[in-house]
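An overview of the molecular structure
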Amino acid sequence: MRRALFLCAALLLFAPARAGETAETLNTVWEVFWQQQGYLQSVSKWSEPIRVSVSGMGARRHRPFVLAQLGRVAGTAGIELAEAQPDGRPANFEVEILADDLTRVGFYFACRTLRTPGTGVIQRVKITAEERALRRCMLHEAMHAMGMPGHPRGGSILSYYRGSDELTATDELLLKVWYSDELKPGMYALPALAAFAQALVRSVPAGKARLEAEQAAAQFQRQALAQLKSIAAGNGEPPRILFQSSTLTPAGLARGRVRAQLELDHATTQADR
């Protein structure tokens, strides 16, 4: 109940005038569910307080910044986060700061997040970040650490094409809905998308604007379903943003076809109940 009240209050702040942006926001949400290798991922989320350790290059100097950034994201999600203490339970969230690799040129991953397990209830996370990249990537990696795998085209700190290093209104929506009671660990992407659609519609005042938001949300969900049907049949593609990733692979696309089939099987089973 507390989570539900928290979510309702947050949605009131999301911006009532955004009914016309419903499809755009849902597109960002949908892209967040796609792993860059080419497949959908079900919901991953924390279910217990996060205990952080910070180590590596300049750890003492960077610790306040790291904890503040992680705290912003966890606080928005409503998850307790604190630094692990020597006399308490061990850290379940590690941040290791690496020395800058000055031999590398061009695009490469100076920051990475490893989450275990890959889906369901998150038990451990480790972020590694080169020291020179730490300040620009920590919020981005913190979103991954909270369970969100994708890199949408825009509208989110998760985008590779973002114009700033700040959380957006869509990021706040993502965190609040993701950590609401509506989304369960292991939940399939299609019903999770429906929960986001419902949350967006609820944020719009009753009347014509809400009706337009409902229509836009329903249309987007039909498009997502059609996309999965096409992928499952072997002649469709994941969101175009994935094709701009250096990590998209034939194996990932093949896995994406299987995942689409699983999503459709689950949707059919739920509809028959």
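Within any chain, residue numbers begin from 1 and follow the written order of that chain's sequence. Only residues with pLDDT of at least 70 are given local features in this predicted model, and only at 80 or more are side-chain atom pairs given and counted; all residues enter the totals for whole chains, interfaces and linings. Side-chain calculation: all heavy atoms of the structure are included, whereas hydrogens and water are not.

**Digging into the state of the cysteines**
Condition: Here, the term disulfide refers to a pair of cysteine sulfur atoms separated by no more than 2.5 Å. Each helix corresponds to a stretch of at least 4 residues labelled H or I by DSSP, and each strand to a stretch of at least 2 residues labelled E; elements are numbered beginning at the N terminus. Partly exposed residues are those whose accessible area sits between 20% and 50% of the maximum for their type, while under 20% is buried and over 50% is exposed, using a 1.4 Å probe and protein chains only.
What the rule picks out here adds up to 1 disulfide. Each sulfur of the disulfide joining C111 and C137 lies 2.0 Å from the other. Its S-S torsion of about -85 degrees marks the bond between C111 and C137 as left-handed, since a negative value means left-handed. Here the residue C111 occupies a position in strand β7 (residues 111–116), and C137 occupies one in helix α4 (residues 134–145), the gap between them amounting to 26 residues. Grouping residues by exposure puts C111 and C137 together as buried.

**Remarks on the side chain of D171**
This is how the line gets drawn: Any pair of N or O atoms that falls within 3.5 Å is considered a polar contact. Within protein, one atom must be able to donate a hydrogen and the other to accept it, and sequence-neighbouring residues count only if both atoms are side-chain atoms. Contacts are assigned to residue pairs that have any heavy atoms within 4.5 Å of one another.
Here D171 lies in helix α5 (residues 169–178). The buried category is assigned to D171, whose relative accessible area is 0%. In terms of polar contacts, D171 uses its side chain to reach the backbone amide nitrogen of I157, at 2.8 Å. Discounting chain neighbours no more than four positions away, the residues touching D171 are M143, G155, S156, I157 and E166.

**Considering the environment of L228**
By the secondary structure assignment, L228 is in helix α7 (residues 208–232). Judged by its relative accessible area of 0%, L228 is buried. A C-alpha to C-alpha distance of 12 Å links L228 and W30, two positions 198 residues apart in sequence.

**Quick look at the packing of aromatic side chains**
Filter applied, for reference: Working definition: a ring pair exists when centres of Phe, Tyr or Trp rings (six-membered ring for Trp) sit within 6.5 Å. Plane angles under 30 degrees give stacked, over 60 give edge-to-face, the rest tilted. Geometrically, a lysine NZ or arginine CZ counts as sitting over a ring once it is within 6 Å of the ring centre and also within 35 degrees of the ring normal.
By the definition in use, this model includes 4 aromatic pairs. Note on W30 and W34: the rings are 5.9 Å apart at their centroids and 85 degrees apart in plane angle, and the pair reads as edge-to-face. The exposure class assigned to W30 is buried, which follows from its relative accessible area of 3%. On the accessibility criterion, W34 (1% relative accessible area) is buried. Connected via pairs of aromatic rings, a cluster forms that spans F33, W178 and F196. Directly above the aromatic system of F65 lies the positively charged group of R135, at a separation of 4.1 Å from the ring centroid. Across the ring face of F243, the terminal group of R240 is positioned such that the distance to the ring centre comes to 4.3 Å.

**A short note on the packing of helix α2 (residues 22–32) against α5**
We count it as follows: Only C-alpha atoms enter the line fits that serve as axes; for helices the fit covers just the stretch in contact. Angles between N-to-C directions range over 0 to 180 degrees. Angles below 35 degrees are treated as roughly parallel, those above 145 as roughly antiparallel, those between 65 and 115 as roughly perpendicular, and all remaining angles as oblique. Crossings are sorted by hand: turned counterclockwise from the far helix by less than a right angle, the near helix makes the crossing left-handed, and turned clockwise it makes it right-handed. Three classes are used: nonpolar for Ala, Val, Leu, Ile, Met, Phe, Trp, Tyr, Cys and Pro, charged for Asp, Glu, Lys and Arg, and polar for all others, with Gly counted as polar.
At a minimum axis separation of 11 Å, α2 and α5 run at an interaxial angle of 60 degrees. With respect to each other, α2 and α5 are oriented oblique. For α2 against α5, the interelement crossing comes out right-handed. Seen from α2, the contacting residues are T25, T28, V29 and V32; seen from α5, they are T170, L173, L174 and W178. Along the lines of polarity and charge, the residues of the contact of α2 with α5 split into 5 nonpolar, 3 polar and no charged.

**Quick notes on the layout of surface pockets**
Let me state the cut-off plainly: A pocket here means an open set of points on a 1 Å grid, computed over the protein atoms alone, that has protein on both sides within 12 Å along at least five of seven lines. A cavity is instead a set of points where a 1.4 Å probe fits but cannot get out; residues with an atom within 4 Å of a point line either one. Grid points are joined across faces, edges and corners, and a volume is the space filled by probe spheres set on the points.
Computed from the structure, the largest pocket encloses a volume of approximately 730 Å³. In terms of lining residues, the largest pocket is bounded by 28 residues, among which F109, T113, E141, H144 and H151 are the most central. Contributions of two or more residues to the lining of the largest pocket are made by β7 and α4. Counted by class, the lining of the largest pocket contains 11 nonpolar, 12 polar and 5 charged residues.

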